[in-house]
Amino acid sequence: MNYTFQFNVVWRNFDALLEGAWLTLQLGVFAFTMGALVGLLGAAIKTYGPWPLRWLVNLYVVFITNTPALIQIYFLYFGLPEFGIRWSNEACVLIGLTLNAGAYLTMILRAGFLSVRRTEMEAGETLGMSPVQKIRYIVVPHIAKSIYPALANFFIVILVMGTSVGAVIGVDELTGQAINLSTVNYRWLEYFTVIAVMYVVLTFIASLGLALVGRWAFRVKARIF
Amino acid sequence: MPHLAVNDVYAKYGALEVLHGIAFEVDRGEVVSLVGPSGSGKSTVLRTLVGLTPVSRGSVEVDGTSIDYRSGRALKAARDRMAIVFQQYNLFQNMNVLRNVTLAPTKVKGRNRREVEEEAMELLALVGMSDKAGAYPDELSGGQQQRVAIARALALKPDILLLDEVTSALDPELVNEVLDAIRRLAREGMTMLLVSHEMAFVREVSSKVVFMDKGRVVETGAPARIFDAPESDRARDFFGKVLRG
C-alpha cells in the first residue's frame, strides 16, 4: 500500500467534527426519545386498543419497517414540498427518524406490554388506578427494567445508523461533516478513519450513560464493561 | 341493615358459569370466612366484589346501596369501600415497600404525600414491616410481601378488607406472621371477608362461616356449629376430611 496518511488536515478541522458528533448525539437522543413516546402509544394501542386503531398501528409498523429509512427521509425532504409542506433538512431527519424509530419501538415495547404480570395489573385495577396510571406506574417501569438491553441496543442503532442518513440531505452531523470536509482536500480515508473512532467513542459514552441511568432509575442489573 | 349483602349473585368466566346464586351478609366489624373445596368459587366471590370478574345476575349492596358494576364511577366507589389482598401478594415489583403502600392514596386519591407516608409507616408498623420500608419486593420473603400487601390494601382506608387465600402460597413457618397481622386487624374491629384453608384460624377468628361447594352456598353459621355439627352431607364430608388430619 502506497498511501501516506496525513492526519494533520483532519486535526486542523477537528472542531468541525466535534460539532458534527454533538449534532449526531442530539439527533440520536431526540429521535429515540420521541420515537419511544410514539412506540409507547403504538404498543399500548396494539395491546389494549379497539380493532380499527390496532389496524392503523399495524399498517404504520408494516409500512415503516419494510421501507428504508433513507427513502422515508427522502420522501419528507423531496416529496412533501410537492404538497406545499416544506421542512428544514434537520426537521426532516428528526421527524423521519422519529417515525422510523417509533415503528420499531412499537414492536419492541409490545413485548414489554405482553410480559407484564397480569396480577400486578389486577392489583392496580382494584386500587382504583386508571388505564393511563396503570401504564405509567406498572407497565413502563416493568418495560424499562425487563427489556432495557433491547432498548439500549436500539438506541445505538438510531445513534449510529439512523442519524448518518442525514448526510444525504445536507445535515452536518458527524458523517455529513466528514463528507463536506473531505471533498475540500480529498483526505477521505483520514476523515473516515477518525470519524469511525469517534462513532465508537460516542457509542461507548452512550452505553455508559444508558447503563448508569438504567441502574439508577430502573434497578437494571446492567454490566458496564 | 347489613354492611355488605351479596344477593343471589351469578358469575361467569367466558361461557363457564362459576357462581350459581351466591347469597350471604356481612355485618360491620364482623369477620366472615368462605370455606369449601377447591373450585367451589370462593375466590371468584371476592373477585366479583371488587369488579375483576363481572356479575352476570344478582346484586351486591354496601350499606343498602346496590353497586352497578357496569358503571365506571360506581365501580370506583365500590373499590373505595372494599380492598382485596391476593394469594400471590401482587406487589408492584418495581417499587419499594413504602411506595407500594403510598402509590394509590397519592396518585389515585391525590392526597398529600407527606401525610400518606406517615400513615403508611403506621400501617407498616401494624403488620410488623416498618424496618423494611425501603426494600424491594424481590428482597422480601413471601410472608413479608404478604404483610406489605395487607398494608397496601389498608392504605386506602377500606370499610371491608377481602383476603383471598393470603397464606396459601407461603411456607408453613411464614404463615403465622401473616395470621398474626390479621388477628390484630380483627381485634381492631376491621370488617373482613376471607377465603382460607387454615381451618383452625378460620374457627378462631371468624364470627360467621359460609361453606361453599360448586358455586353455591351450602350452609352458613357460627364457626363452632359449621365445623362441629354441619347440617349438610357435603359439609360433613368435607370437614370430615380436612379436620381429621
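The present account deals with the structure reproduced in this document. (Residues numbered from 1 in each chain as written. Chains lettered and ligands numbered in written order. Predicted model: local features only at pLDDT ≥ 70, side-chain atom pairs only at ≥ 80, totals over all residues.)

Let us look at the overall build of chain B. On a plain count of helices and strands, chain B comes out with 9 helices and 10 strands. Referenced to the eigenvectors of the C-alpha coordinate spread, the extents of chain B come out at roughly 55 × 45 × 35 Å. In chain B, which comprises 245 residues, the proportion classed as buried is 44%. A fraction of 65% describes how many contacts in chain B between residues 6 or more apart in sequence connect residues 24 or more apart. (Helix = DSSP H or I, 4+ residues; strand = E, 2+ residues; numbered from the N terminus. Buried ≥ 20, exposed ≤ 12 C-beta atoms within 10 Å, placed from the backbone. Contact = placed C-beta atoms within 7 Å.)

This part is about unusual backbone geometry. Trans is the prevailing form of peptide bonds, just as negative phi is the prevailing case for residues other than glycine. All names here are of chain B. In this structure, D8 is a non-glycine residue whose phi angle is positive, near 50°. You can see D8 is positioned in strand β1 (residues 4–13). Taking the C-beta count within 10 Å as the criterion, D8 has 12 such neighbours and is therefore assigned exposed. Non-glycine residue K157 carries a positive phi angle of around 50°. Tracing the sequence through the fold places K157 in the loop between α5 (142–154) and β7 (160–164). Its 12 C-beta neighbours within 10 Å are what place K157 among the exposed residues.

Looking now at the sheet that holds strand β8 (residues 191–195) of chain B. Residues and elements named next belong to chain B. A sheet is described by the order of its strands in space; here 6 strands give the open sequence β6-β7-β8-β3-β9-β10, paired in mixed fashion. At either margin of the open sheet sits one strand with a lone partner, and together these are β6 (82–85) and β10 (216–221). With direction set aside, neighbouring strand axes in the sheet form an average angle of 20°. In this structure, β6 lies alongside β7, joined through 4 bridges in parallel fashion. Paired with A83 across the two strands is L161, which belongs to β7. (Pairing = 2+ DSSP bridges. Axes fitted to C-alpha atoms, helices over the stretch in contact; angles between N-to-C directions.)

Quick look at the sheet that holds β1 of chain B now. All names here are of chain B. Strand order in the open sheet formed by 4 strands is β2-β1-β4-β5, and the pairing between neighbours is antiparallel. Both outer strands of the open sheet, β2 (16–26) and β5 (65–66), are each paired with one neighbouring strand and no more. Pairing of β1 with strand β4 (residues 55–62), which is carried by 6 bridges, proceeds in the antiparallel orientation. If you follow A11 over to β4, its bridge partner there is V55.

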